[in-house]
Amino acid sequence: MATKYIFVTGGVTSSLGKGIICASLGRLLIARGLRVTIQKLDPYINVDPGTMNPYEHGEVYVTDDGAETDLDLGHYERFLDIRTSQTNNVTTGRVYNEVIRKERDGEYLGKTVQVIPHITDEIKSHVLKLGESGEYDVVIVEIGGTVGDIESLPYIEAVRQLRYDVGRHNTLSIHLTLVPYLAAAGELKTKPTQHSVRTLSESGLSPDMLVCRSEYPLDDSIRLKIAQFCNVDIEDVIASLDADSIYEVPLLMQEEGLDSRVIEKLQLEAEEPNLELWIRFVEKIKYPKYKVRIALVGKYVEHRDAYKSIVEALIHGGAANDCQVDIEWIQSDFVTRDNVEKKLAEADGILVAPGFGDRGIEGKVEAVRFAREKMIPFFGICLGMQCSVVEYARNVCGEKEADSTEFNKKSSYPIIDVMPEQKELLDTGGTMRLGKYACKLEAGSRAYQAYGEELIWERHRHRYEVNNRYRKDLEKGGMVLAGINPERDLVEIVEIPEHPWFIGVQFHPELKSTVSKPHPLFVCFVEKALEKAGSGLESSVKKADQVI
Ligand code: GLN
């Protein structure tokens, strides 16, 4: 069977949740035995989002192969339980980079290099790459941005051409749109959808199906109106109502018949859907038995997309414990020795988040100290782990000058530093330790108990490391170096054995947590927080509609 391509565009406004719709469709097709992946095309000029600040872009999602990508790839992995790679995220910057490199290398044989055909050909070759691998029955291609944007045009044109190149019957165009409710008129309005479809059609791409985001159900007359004005069958007008949780969306889309229409239109050989695990997961998050409060200490807390994968991994870890996780967002800049007790008094667990730069660092160190001294389950991720090492060196080992050279270049005790081989890389413009690295766990450690195996692989995104020069001091002070990268002998995990659960990890475990495989460290963290809450009582259960 030839690979089928489903192109998903968005209209009317941004933030309609195209990524979640693509991920939900992907999950539904996988549930029917199909092999599916999703690719995100981002029309911005950055080569990748690695250089963008979290306020602009939210989290940078890192793949096994070390690509810094859009956070939608996180949704794809969590929903589909697949591994994505650099191939799954293409930006305008990358496309132009490649075209300009080819032009400089003389690969265009003296031709004038133009948006059409050279840029569009480059986009097409990126899209076809996944299909040509032979690994997938269906490739879903999410086109970022909103139809009508100037920067989206080359992508729409590339899709228009691709539909002919691979055969129209092998492709499907789905347009995600908004059907707003006008309170003054007391009505749902279809005009924005009509305009958006018309704009798309003017570029030569007419949608086969429409997914309509709406706050209220679409009745038959509205569906008929949309169908008639937008040239689709009424069955191809799919309503997507606001859901309490993103994890409900696949089930809502199935009720609306999104997957069955896609299968029919693309003539896919599909099995009966098996969504048992998914349904059980959604039930667990809707009707939790217990709940815990986790304080998330970070400096981007006003912009929660910056911690997207951590939030989702806490939900996964919570579901595995029948437990709702309420996150208390703590701005690290405002945490001091005097107020830390007050700020974190209610926390059953404390998570110190990843980050870059020195803003809010002392607040993070104080939060670590509080968790350590008060025996509150603690989870430090990347920068959070580095802060836990600094805190331990200062307050337990008595090295008052301990610091990271990221914050204090002149520290006389640089316990966190750039390692010599990394320094060479930095000098030559190389950057961070990115992507998947091995980690060998110390038998008997908490981490080993959680993972249940000795050799694990986790993803990284950082420059600084625990300074090997001071490892002995930490160990003498009682800190256990529970995970080591075998190739480069780098500290990946630290623990404090006398503490109920104190773990710092140099990597990003949140990136690998999925609905069907919640990450073991998040599962254990929530479990320990639940123990600390002591209560975890049925009486503290919230009603389903209050949850999420
Ligand atoms: N800023 C730290 C480093 O570069 C930690 C990075 C992170 O938390 N992702 O090592």
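Here the structure is a predicted model, which means the values were calculated and not measured.

A.B. asks: Lay out the site of the ligand in plain terms, naming residues and giving numbers.
C.D. replies: Inspection of the region around the ligand gives Pro354, Gly355, Phe356, Cys382, Leu383, Gln386, Glu406, Arg461, His462, Arg463, Tyr464 and His508 as its neighbouring residues. A distance of 2.9 Å separates a nitrogen atom of the ligand from a polar backbone atom of glycine 355. Side-chain polar atom of glutamate 406 to a nitrogen atom of the ligand: 2.7 Å apart, as the coordinates give it. Computed on the free molecule, the ligand has an accessible area of 300 Å², of which 99% lies beneath the protein chains in the complex. Every element with two or more residues in the shell around the ligand is listed here: helix H15 (383-395) and strand E19 (455-462). Classifying every residue of the shell around the ligand gives 5 nonpolar, 4 polar and 3 charged.

A.B. asks: Go over the sheet that holds strand E12 (residues 290-298), please, and point to the residues and values.
C.D. replies: Taken together, 9 strands build an open sheet; the order of strands is E13-E12-E14-E15-E23-E22-E21-E18-E19 and the sheet is mixed. Whereas interior strands pair on both sides, the edge strands pair on one side only; in this sheet they are strand E13 (323-331) and E19. Within this sheet the neighbouring strands show an average axis-to-axis angle of 25°, counted without direction. Two strands pair when backbone bridges link them, and strand E22 (residues 490-495) and strand E23 (residues 502-505) are joined in this way by 3 bridges, in the antiparallel orientation. The partner of valine 494 across the bridge, within E23, is glycine 504. Packing against the sheet, helix H19 (residues 520-533) makes contact with E12, E13, strand E14 (349-352), strand E15 (378-381) and E23, and its axis sits at approximately 115° to E12.

A.B. asks: If you had to explain the side chain of glutamate 495 to someone new, which residues and values would you point to?
C.D. replies: Its place among the elements puts glutamate 495 in strand E22. One buried charged residue, glutamate 495, forms no salt bridge at all, with the nearest opposite charge on arginine 446 at 5.3 Å. From its side chain, glutamate 495 meets the backbone nitrogen of arginine 446 in a polar contact 2.9 Å long. In this structure, glutamate 495 is in contact with Ser445, Arg446, Ala447, Gly478, Met479, Val480, Ala482, Phe502 and Ile503, ignoring residues within four places of it in sequence.

What counts, and where the lines are drawn
Residues numbered from 1 in each chain as written. Predicted model: local features only at pLDDT ≥ 70, side-chain atom pairs only at ≥ 80, totals over all residues. Heavy atoms only, no water. Near = heavy atom within 4 Å. Polar contact = N/O pair within 3.5 Å; in protein donor to acceptor, adjacent residues only side chain to side chain. Areas by Shrake-Rupley, 256 points an atom, 1.4 Å probe, with all protein chains shown as cover. Helix = DSSP H or I, 4+ residues; strand = E, 2+ residues; numbered from the N terminus. Nonpolar A, V, L, I, M, F, W, Y, C, P; charged D, E, K, R; others polar. Pairing = 2+ DSSP bridges. Axes fitted to C-alpha atoms, helices over the stretch in contact; angles between N-to-C directions. Contact = heavy atoms within 4.5 Å. Buried < 20%, exposed > 50% of the residue type's maximum accessible area, 1.4 Å probe, protein only. Lys, Arg positive; Asp, Glu negative; His and termini not counted. Salt bridge = Lys/Arg side-chain N within 4 Å of Asp/Glu carboxyl O.

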